[in-house]
Amino acid sequence: MTQLSVTTRTLPSGAAVEVSGELDHHTSSQVRDILPALPLGPGQQLLIDLGGLTFCDSTGITILIAARNHALAARATIALIAVPDRVRRIFGIVGLDGVFPAYPTVRDAEKAWRPPSAG
């Protein structure tokens, strides 16, 4: 039986999701189901922290793409945090390495985020 832990929090820049454990066809619904409820608006960013990820199959990759689509639909951006080397390699093989900005920490991603201009 695969295990996945998903926690969310709201940051000044937008929503953050921390995924720990195995993201696969057995557990992917846990992430997919929280996406619509994330507080995310135009100009914000969705951060997905993969630092605790121990396994990710093609269904997990599909969920990350769904998260990107959710962010884009909200006119927000997405960034991945602490992407494990094995996931980074898969992204390179399938051409997703240029689709997801990646940062070592949430703090680094927040520093790179540019809030929308007022007016």
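Use the structure listed above.
This text gives an overview of the structure that appears in the document.

Some thoughts on the pattern of salt bridges
Here comes step 1: Throughout the structure, instances matching the rule amount to one salt bridge.
Here comes step 2: We note a salt bridge from Arg 32 to Asp 33, for which the minimum N-O separation is 4.0 Å.
Here comes step 3: Classification of Asp 33 by relative accessible area gives exposed; the value is 54%.

Structural notes on the side chain of Ser 13
Here comes step 1: By secondary structure assignment, the location of Ser 13 is in the loop between strand S1 (4–11) and strand S2 (14–23).
Here comes step 2: For Ser 13, the residues in contact, after removing those within four places along its chain, are Gln 44, Gln 45, Leu 47, Glu 110 and Trp 113.

Considerations on a nonpolar patch on the surface
Here comes step 1: A contiguous nonpolar patch, built from Ile 90, Ile 93 and Val 94 and spanning about 290 Å² of accessible area, is present on the exposed surface.
Here comes step 2: A relative accessible area of 51% places Val 94 in the exposed class.

Reading the values: rules and limits
Residues numbered from 1 in each chain as written. Predicted model: local features only at pLDDT ≥ 70, side-chain atom pairs only at ≥ 80, totals over all residues. Heavy atoms only, no water. Salt bridge = Lys/Arg side-chain N within 4 Å of Asp/Glu carboxyl O. Buried < 20%, exposed > 50% of the residue type's maximum accessible area, 1.4 Å probe, protein only. Helix = DSSP H or I, 4+ residues; strand = E, 2+ residues; numbered from the N terminus. Contact = heavy atoms within 4.5 Å. Patch = residues over 30% accessible without salt bridge, like charges linked within 9 Å, V, L, I, M, F, W, Y side chains within 5 Å. Areas by Shrake-Rupley, 256 points an atom, 1.4 Å probe, with all protein chains shown as cover.

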